[in-house]
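# Survey of secondary and tertiary structure
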Amino acid sequence: MYEQFGAIEDPANPGVVTFRLFVPSDVPSQFEGGGLPRIKSVRVVGDFQQPKWNAADPTTVMQPAPKAVGGVTIGQVYSVTTPKLADNFYEYKFYIEFQNADPRYIADPCTRYGGSKDQNSAIAVGGNDEVVPALANRPPLNDLMIYELMIGDFAQGAPRQGVSPIDTITVNLQHLVDLGVNAIEIMPWTAWPDDGFSWGYNPFSYYSVAHQYALDAQNPSDKIVYLKRLIRDCHAKGIAVILDGVFNHAEAGAPPRGFGYYWLYQDTADSPYVGNFAAHDYGLDLDYANGCVLQFIADACKYWIDNFEIDGIRLDNTLGFYKSDDRGHGLPALLADLRDHLSTTGRKNFSLILEHSWDYDAIDVVNKVGATGCWLDKYRSGTMDMLGRRQIDPGIMRLLDACRDFGEGRSAVSYIENHDHQRFMNKVGTRDQWYRTRPYAIALFTSPGAVMIYNGQEWGQMDWMPEPGPEERQTSIKRVSPRPLRWNELNDGTGQSLWDLYTKLTAIRSAHPALRSPNFHPRFWDEGNRQLGPDLFGIDADRQIVIYHRWGDAGNGRTDRYTVVLNFSDSIQRVVAPLNVNGVWEDLLSGWKINVTDGRWGFDVGEHNGHVFWNRS
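Residues numbered from 1 in each chain as written. Predicted model: local features only at pLDDT ≥ 70, side-chain atom pairs only at ≥ 80, totals over all residues. Heavy atoms only, no water.

## Observations concerning the pairing of strand β12 (residues 240-245)
So the rule is basically this: Partly exposed describes any residue whose relative accessible area lies between the buried limit of under 20% and the exposed limit of over 50%, with all areas from a 1.4 Å probe on protein chains only and scaled to the type maximum. A run of H or I in DSSP counts as a helix once it spans at least four residues, and a run of E counts as a strand once it spans at least two, with each numbered from the N terminus. Each pair of strands is called paired provided DSSP finds at least two bridges between the two strands.
In terms of burial, β12 is a largely internal element, 6 of the 6 residues being buried. Neither face of β12 is open: one carries Ala240, Ile242 and Asp244, the other Val241, Leu243 and Gly245, and all of them are buried. Note: strand β11 (residues 183-186) against β12, 4 bridges, orientation parallel. In the strand pairing of β12, Glu185 is matched with Ile242. Both β12 and strand β15 (residues 312-315) contribute to a ladder of 4 bridges, which runs parallel. Note that in β15 the partner of Gly245 across the bridge is Leu315.

If you want it as structure tokens, here you go:
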């Protein structure tokens, strides 16, 4: 429903734009907590007018009409249609007169574009458009190797500059193809307040492309097309695109800046769209106790799914809209609606990924609400801690068994770094000690489920940022600040070494589906046990050795088997590896082939190194 609102150019009459604003009625399907907006009149004003931004223009008064669903009036739609406009990029706001308060200019909550200033809304009239083809044979989540990408950081200093930041990613896609990833998770592209740098996690508009990312002064009518072209070209190269969706909260600054559905109400406390629903964390919480919020967000998701053919959504901070004892509101209801839409439209293997808690508790929520998977942040924090201490411990066995406890068809998304924390390399100290990260990278790419790396990780970029909490309050360095990718580091010795390692690991994982399966041994490792088990699998904590087994169906009654041997220590270690099927085993990292006759093989493992032995039997 909400995708019908906002500013939309008539495809049958190019240049003719209709502005629509929906205001819900006080009926149970819309809201039970909240009040009425007490609107006297609504106008649309902007630079499409002559004179511009003329709030007294009688031709822009929006007329209300009832909106009914199933014979029940659920609200009013205010609308007005312009005469034919010339091709251009136009900014606008709604001008609201209230019964007993000063008028306000508010942002259109369903705008397709963020404006250039003052948190304006915008529309591109004319220009180019694209029909985005769906990704052929979309892989399930557990088969994804994801590249988390921040548009501004990736584009700044990129080898080939595009006309807009989004277009710069498009012209540099070959880097991701060469890296070997098959999915990108793009940090929020929806509009945030225009008064500074942002990662995009403070949205005020959920249907829009941020002006900063689509900015191209030479082609003002080409805005939204850049994102469509990016997704089109990703799909052509077999790369899935995942939207990072922030659906827990909205931004509202000094009045009336920010989320339009907050400022639309004479008394903002009456807005049914805003209110504390579950765990409050940031900004203005969206109140999922009210049906209008669920429909607004579900429709936003469907807008990106249907018009941009995205392949997944990572739902940010789902703690804020999940109550364990309430399946009729919030996260469970949203995911049920989206699963129904995906099924009805025939979309398979669409990933619905939660960022929920920072421990294993998130897995239970994934199973309960029917998500596809979740960020397993414990993988990052656990490995980061061990790298910092220069000491692995038995807890690593649970991390490596990343898909344990997930329901069938559900998966972890594991990573050793992401946008929200310090770089993994920071724990090493200097980039020339990159080799200390090598066994962790091998472990990541041989763990069950989906894996993710963060842009710049592939050459060992180091960016310090304060961790959330006391450290953040004790420094002038902001966590949310630009950290442009230093592309030149890809070509130095450390960059090339890491690039060779990551491209080899992505190639191995791509060629060996069993490494993406949930199968892992030894499962349920006793974290009090610091010695290898009788079958020689497990951890030798004193020598910093880890050995585990992976396997899966290779077809035609054959099984792929893997024994992964990792040395996290500063010394060469003598190891007897359990290679329990006799025959030829190949180390996929070095190409070394050995003929096993007694189920074991003794050899030396280099410091901070590893081997992935493979046998097909």
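From this point, the narrative continues.
## Quick word on the state of the cysteines
One way to say it: the disulfide is the covalent bond shared by the sulfur atoms of two cysteines. Put simply, the rule reads: Count a disulfide wherever a pair of cysteine sulfur atoms falls within 2.5 Å.
Enumeration according to the criterion identifies 0 disulfides in this entry. No disulfide involves Cys301; its nearest neighbouring cysteine sulfur is the one of Cys110, lying 13 Å away. Of all cysteine sulfurs in the structure, the one in Cys403 sits closest to Cys374, which takes part in no disulfide; the separation is 9.3 Å. Take Cys374: its relative accessible area is 0%, and that puts it in the buried class.

## Quick word on unusual backbone geometry
The amide bond that connects Gln50 to the next residue, Pro51, takes the cis arrangement and shows omega of 0 degrees. Inspection of the secondary structure assignment puts Pro51 in the loop between β3 (39-46) and β4 (63-69). Residues His521 and Pro522 are joined by a peptide bond in cis, for which omega reads 10 degrees. Structurally, Pro522 can be placed in the loop between α13 (493-511) and β20 (538-540). Phi at Asn349 takes a positive value of approximately 60 degrees, unusual for a residue other than glycine. When you line up the elements, Asn349 lands in the loop between α7 (330-344) and β16 (351-354). A residue is classified by how much of its surface remains accessible, and Asn349, at 37% relative accessible area, is partly exposed.

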